[in-house]
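Structural overview
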Amino acid sequence: MRNIKTRLLVALFAAAALGWAAHTAAPAGANAQRPSAGFDTYAITNARVVTVSGPTIERGTVVVRDGLIAAVGAGVAAPPDARAIDGTGLTVYPGLIDASTTLGIPRPTPTPGATPGGGGGGGFAGLFGQSQPSAVSPNSPQLPGLQPELLAADIIRPGGNEVEAARNAGITAAQTAPRGNVFLGQSAVINLAGDTPQGIIVRSPVALYVGLAPIGGGQYPGSLMGVFSAVRQMLLDAQRYREAQEIYERNPRGLRRPDQDKSLAALLPVLARQMPIVMQADRAREVERALDLAREFNVRLVINGGTESWQHAARLKAQDVPVLLSLNFPRRTAAASPDADPDPIRVLRERAEAPKTAGRLAAAGVRFAFQSGGMTTMSDFLSNASRAVEQGLSKDDAVRAMTIRAAEILGVQNQLGSIEVGKIANLTVTRGDLFDRTRRITHVFIDGRPVDLRPAATATGATSASGTWSLSVNLGGTQSESPQFQITLVLQQQGDRLTGSIQGPLGTSQGSGTLAGSDLSFTVPITLPGPGSQTTDAIFNGAITGNEMRGTVQVVGRGPGTFTGSRAGSPTPAPATPPGAQPSTPPGTRQPPPGGQPGQGEPQPRRTPTPATTPPAEQD
Amino acid sequence: MKRLTTLAICIALVNSWAGAGLAQTRTTGGQAAPPVTLIRNATILTVSHGTLQNSDLLIRNGKIAQVGQNLRAPDGARTIDATGKFVMPGIIDAHSHSMMDGSVNECTRSVTSMTRTQDILNPNDADLYRELAGGVTSLLLLHGSCNSIGGQSTTVKIKYGRPAADFLFPGAPPGIKFALGENPKRSNFNLPGLQARYPATRMGVEEVIRDAFTRARDYKLRWDEYRADSRSNKNLIPPRRDLELEPLVEILEGKRYVHAHCYRADEILMLIAVADEFGFKIRTFQHVLEGYKVAGEIARHGAGASTFADFWGYKMEAYDAIPYNAAVMTRRGVRVSINSDSDERARRLNIDAAKMVRYGGLSEEEALKLITLNPAWQLGIDERVGSIDVGKDADLAVWTAHPLSVYARVETTFVDGEIFFDRQTDLARRQQLEAERRTLEQAEANRPPAQGGTPPRTPPQIRRANTDHDDVIDGEEDNQR
């Protein structure tokens, strides 16, 4: 399989395949941070082992060596050179897999030049709520957002708070796909620990993600209707591209040479049914549309989201379409305002019904795997899987949906998804049953190495943005005057919503934004000083690390700016602290992180697991 | 005495059938054939051949099987006593934007014939149920009026509760939206900062259409040449299939109906001239508020006209309208329909038709034709629906009074002989829904969280209510997005 694909997309795919080969074969020097051999062998003894591939071993040993599972069984003895972990009372599962994420994919930041021909228009489109594609393929004849040749493997970054939050929830591997509009690009399966993009990739490319978000900014397609037409036209163009290339290769004489088109070429494995497309479809009608499109072009389809997919279970089974089922179940997030209309009964039904989908798909014989669906609190992954179990899914099927079924759908069933000798040593170890609400994740092994699990405060991945921040803002631009501004930003966070205000030389105004993981996006009107001052929106995109934030700021009509900031005092969701209540910070200086807060205030932009010198202790 | 007994039996049957109707509306897909139905003793407004008093109507296999007096109900048939009630054909709305997800417009280009409203159908749109409750059974779902040549239309039967695929009207000819005047030239929709789109004048609109059909002619020529040459030469690369031009070739070949949004007399004449030049026909002029000025020309071209009853003055090009428009065009031989272009107005098209008796003196049957047989012809489905004739689809509504009366309301709506709306069933269901709501509100997912929690997915962007008049406010949202 891999070879066929590689031939079809030689240059792009070969690089990714090499990355994987380098990872498994580990040639000397490929990874300077590889730990010494002495720490590469572990044995978990006397544990309950849920192998998934075979019967559960009530009291057995799992031996991990050189990143692979070396032995598993009831009568297996721990090798003398192994670090032994007493697994009494523990259960070892195959490492959990999140079947669809954007882990490691950088968020789009508005920069001129990222949108060819857009000029200042790129930032302006951002004002109108259009997301910009995060990456652009050079020399593609297609617009950004319509470039299926983009590879997650080419833009992925290891580490980061979101990856860590996933690990803390017991997730060891994930499918990750580029963000974007229509043709998002090709996904990869990654392990959630490792220092290099090359080192974390398990398989690439895996599937072509097809989104249904209009491109916007005045570019076609600008509507859902247009998106379908654009997808249909590009698939037709790809069919003709294949035919034209074949005819030309057969006999070029007397034929005008067909243009090369890397975007259309990237669709050929899809048309040849070698690579599936993943389409976001939650509602029944969205599933129906995706099934229709797949049938129209005879392509392999994977449904992503799938909340109401059970309503088309018969068609899913007939067309052999698996579902990557979101565990981000809808639920009421706030008490109703007394002025608000009651929720429509449709919404009430959807919330109550969502956890039943998994059981219904299982009963209908539809293949499915669980995915996190963009949830901001990763501990919901297992607790919502438990809800699915309460609503009719067998525990066995639930475990499979997070392990071997995911591996099968993603084409990594020979590497991940079960505890079998020779597979990649990804393990999730719990005290208590995986679906028991009192269970704890005690150990996570990725590529045969234990991962540091963070205390619960950060294990939720809930970076707090609340607080008073001192920001140093550089608006860029070409003005000769110093474009540095010192402003105060007061943020209040509720869920992933941010509200707040700014004060300082850019005026006083209210704004709002979102926080996803540690990534912040905040829009607030600013008043540019100087003659002809005008008020215009500024979009702050950045990341929060502890009590530091940094990122870019986009203002209409100006080049990209940057900002850095630090938080005054501890992050509390309380209302804005009066300026006099805290010791004031001289503009432009960063406050030292306050002590006594584990997991906060570390200035490193990302944390990578350090090789454990001793087996990690259980954390409560 | 005998009549009394019959009445009692009828009442019992109505009650039991109401329960059956409930079960029916709640199941989806894969239905068995609907039962045979006998509607007894109704005033039947056939629309095609007058009014039948005290008549019966038998529905079998989803078709109108018999119309007459003293019809006998076969065993197992459900019988509806329609004494004092009126039966009329299902209303057909020739201009609707119901059940569409996302924008009704693809505004980025001046020719968007590659887009299809069929791709974004939302069978759960509650407006559909309200339309059934207004006696409407079929819709022409049109692309918006953002572009000189817009997207492909979809003709549907309102089978509320079924998957979108079940809505498609079998065998209905394909259609497409054109638009002239202020909307395609973006007179009222240019926002500062956004790039203006060609064309900006009525001259430009004409040029866009002319250019598109010139390209379509060339496209057809290229394919014809390829098909001829490829028989002898296997080493030819086929031309590109162009989803923008293919529907235009279908128009040139007379296979696709053009539904052209327009207002002013001059632009109507312009489009007729362009159509004549390229040798195709306009099936309907939509809105066509100045149609009364050029009714003869419209009739000579063979086009229909689909207009509003009395809605005008909402922009410059809608100032010269008169409520006599439908009547004047009817008298000049144009097949006229009254449309809604609105999920709200679609619920009471019968009243809009009634206004045409008041303004212009149409007969009652002529007025009813404006919302039944005439739009059926405009959509090319008049062989199947639009009147009460034996053999036609049983798309019907039972009204409590003459449907041109303001006191009339719909009791029961049939589509293909199946009940998709029934007032008594609806009233009975309301209590059930309240009970269901109380149960659902106790579910964990519907209780406010104590603290934190993952926010739900952001729902897909949904058009707000009352933004569906593509004449009035379309494009504003699109431009702002």
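Just above, that's the structure.
Reading guide: rules and limits
Residues numbered from 1 in each chain as written. Chains lettered and ligands numbered in written order. Predicted model: local features only at pLDDT ≥ 70, side-chain atom pairs only at ≥ 80, totals over all residues. Heavy atoms only, no water. Helix = DSSP H or I, 4+ residues; strand = E, 2+ residues; numbered from the N terminus. Contact = heavy atoms within 4.5 Å. Areas by Shrake-Rupley, 256 points an atom, 1.4 Å probe, with all protein chains shown as cover. Buried < 20%, exposed > 50% of the residue type's maximum accessible area, 1.4 Å probe, protein only. Arc of directions from axis to C-beta. Polar contact = N/O pair within 3.5 Å; in protein donor to acceptor, adjacent residues only side chain to side chain. Disulfide = S-S within 2.5 Å. Salt bridge = Lys/Arg side-chain N within 4 Å of Asp/Glu carboxyl O. Buried area = accessible area lost by both parts, 1.4 Å probe. Pairing = 2+ DSSP bridges. Axes fitted to C-alpha atoms, helices over the stretch in contact; angles between N-to-C directions. Phe/Tyr/Trp six-rings, centres within 6.5 Å; stacked < 30°, edge-to-face > 60°. Left-handed = near helix turned anticlockwise from the far one by under 90°. Nonpolar A, V, L, I, M, F, W, Y, C, P; charged D, E, K, R; others polar.

**Details of the overall build of chain A**
The helix and strand tally for chain A stands at 17 helices and 26 strands. In chain A, 63% of the contacts between residues at least 6 apart in sequence involve partners at least 24 apart. Of the roughly 25,100 Å² of accessible surface on chain A, a fraction of 52% belongs to carbon and sulfur atoms.

**Concerning helix H2 (residues 126–133) of chain B**
Residue and element names in this part refer to chain B. Residues of H2 that are buried include every one of Asp-127, Leu-128, Glu-131 and Leu-132, and no others. All buried residues of H2 fall inside an arc of 145° around its axis, so they share one side. Looking at the buried positions of H2, the neighbouring elements they touch are strand E7 (136–141), strand E15 (410–415) and strand E16 (418–422). Put simply, Asp-125 is the residue that caps the front of H2, since its side-chain oxygen is 2.9 Å from the backbone nitrogen of Asp-127. Following H2 by one or two positions, Gly-135 has its phi on the positive side, about 80°.

**Quick notes on the state of the cysteines**
Residues and elements named next belong to chain B. Taken as a whole and assessed by the stated rule, the structure comprises 1 disulfide over all chains. Across the disulfide, Cys-107 is cross-linked to Cys-146 (sulfur-sulfur distance 1.7 Å). Of note, the bridge from Cys-107 to Cys-146 carries an S-S torsion of about 110° and is right-handed in sense. Here the residue Cys-107 occupies a position in the loop between strand E6 (91–96) and H2, and Cys-146 occupies one in the loop between E7 and strand E8 (149–157), the gap between them amounting to 39 residues. Both residues of the pair, Cys-107 and Cys-146, belong to the buried class. Cys-262 forms no disulfide, and the closest cysteine sulfur to it belongs to Cys-146, at a distance of 17 Å. The buried category is assigned to Cys-262, whose relative accessible area is 0%.

**Observations regarding the pattern of salt bridges**
Residue and element names in this part refer to chain B. Across all of its chains, the model carries 59 salt bridges over all chains by this definition. Among the salt bridges present, the one from Arg-202 reaches Glu-317, with a minimum N-O distance of 2.7 Å. Of the two residues, Arg-202 is situated in helix H3 (residues 202–229) and Glu-317 in the loop between strand E12 (304–307) and helix H7 (325–331); the sequence distance between them amounts to 115 residues. For the pair Arg-202 and Glu-317, a shared accessibility class is recorded, and that class is buried.

**Quick word on the interface of chain B and chain A**
Facing 57 residues of chain B, the contacting portion of chain A comprises 60 residues. Taken over both partners, the interface formed by chain B and chain A buries close to 5,000 Å², and the fraction arising from carbon and sulfur atoms is 54%. Viewed at the interface, chain A and chain B are joined by 6 salt bridges. Taking the shortest distance from any N to any O, the salt bridge between Glu-436 of chain B and Arg-349 of chain A comes out at 2.7 Å.

**Describing the sheet that holds strand E19 (residues 467–474) of chain A**
Residues and elements named next belong to chain A. With respect to topology, 8 strands assemble into a closed barrel ordered E19-E20-E21-E22-E23-E24-E25-E26, the strand pairing being antiparallel. Adjacent strand axes in the sheet meet at a mean angle of 30° when their direction is disregarded. In terms of strand pairing, strand E23 (residues 519–527) meets strand E24 (residues 535–545) through 9 bridges, oriented antiparallel. Considered in E24, the bridge of Val-524 is made with Ala-538.

**Topic: the packing of aromatic side chains**
Residues and elements named next belong to chain A. Applying the stated criterion across every chain, the model contains 14 aromatic pairs over all chains. Centroid distance Tyr-42 to Phe-445: 5.4 Å. Interplanar angle 70°. Geometry classified as edge-to-face. Placement of Tyr-42 in strand E1 (residues 41–49) and of Phe-445 in strand E17 (residues 440–446) is noted, with a sequence separation of 403 residues between them. For the pair formed by Tyr-42 and Phe-445, the shared burial category is buried.

**Focus on the packing of helix H14 (residues 380–390) of chain A against helix H15 (residues 395–402) of chain A**
All names here are of chain A. Axis separation between H14 and H15 bottoms out at 9 Å; the angle between their running directions is 145°. Regarding H14 and H15, the two cross each other, and that crossing is right-handed. When H14 is examined against H15, the residues Phe-381, Leu-382, Ala-385 and Val-389 are found in contact with a partner set consisting of Lys-395, Ala-398 and Met-402. Looking at side-chain class alone, the contact of H14 with H15 contains 6 nonpolar, no polar and 1 charged residues.

**Here we look at the environment of Ala-321 of chain B**
Residue and element names in this part refer to chain B. Within the element layout of this structure, Ala-321 appears in the loop between E12 and H7. In this structure Ala-321 comes out as buried when scored by relative accessible area, which is 11%. In this structure the C-alpha to C-alpha distance between Ala-321 and Lys-293, which are 28 residues apart in sequence, comes to 9.8 Å. Discounting chain neighbours no more than four positions away, the residues touching Ala-321 are Leu-289, Tyr-292 and Trp-312.

**Quick notes on unusual backbone geometry**
Across the junction of Tyr-220 of chain A and Pro-221 of chain A, the peptide omega takes the value 0°, indicating a cis bond. Assignment of secondary structure puts Pro-221 of chain A in the loop between strand E11 (208–210) and helix H7 (224–250). Despite not being glycine, Asp-320 of chain A shows a phi value in the positive range, around 55°. You will see that Asn-70 of chain B, though not glycine, has its phi angle at about 55°, which is positive. Position of Asn-70 of chain B among the secondary structure elements: in the loop between strand E3 (63–68) and strand E4 (78–81). Judged by relative accessible area, which is 70%, Asn-70 of chain B ranks as exposed.

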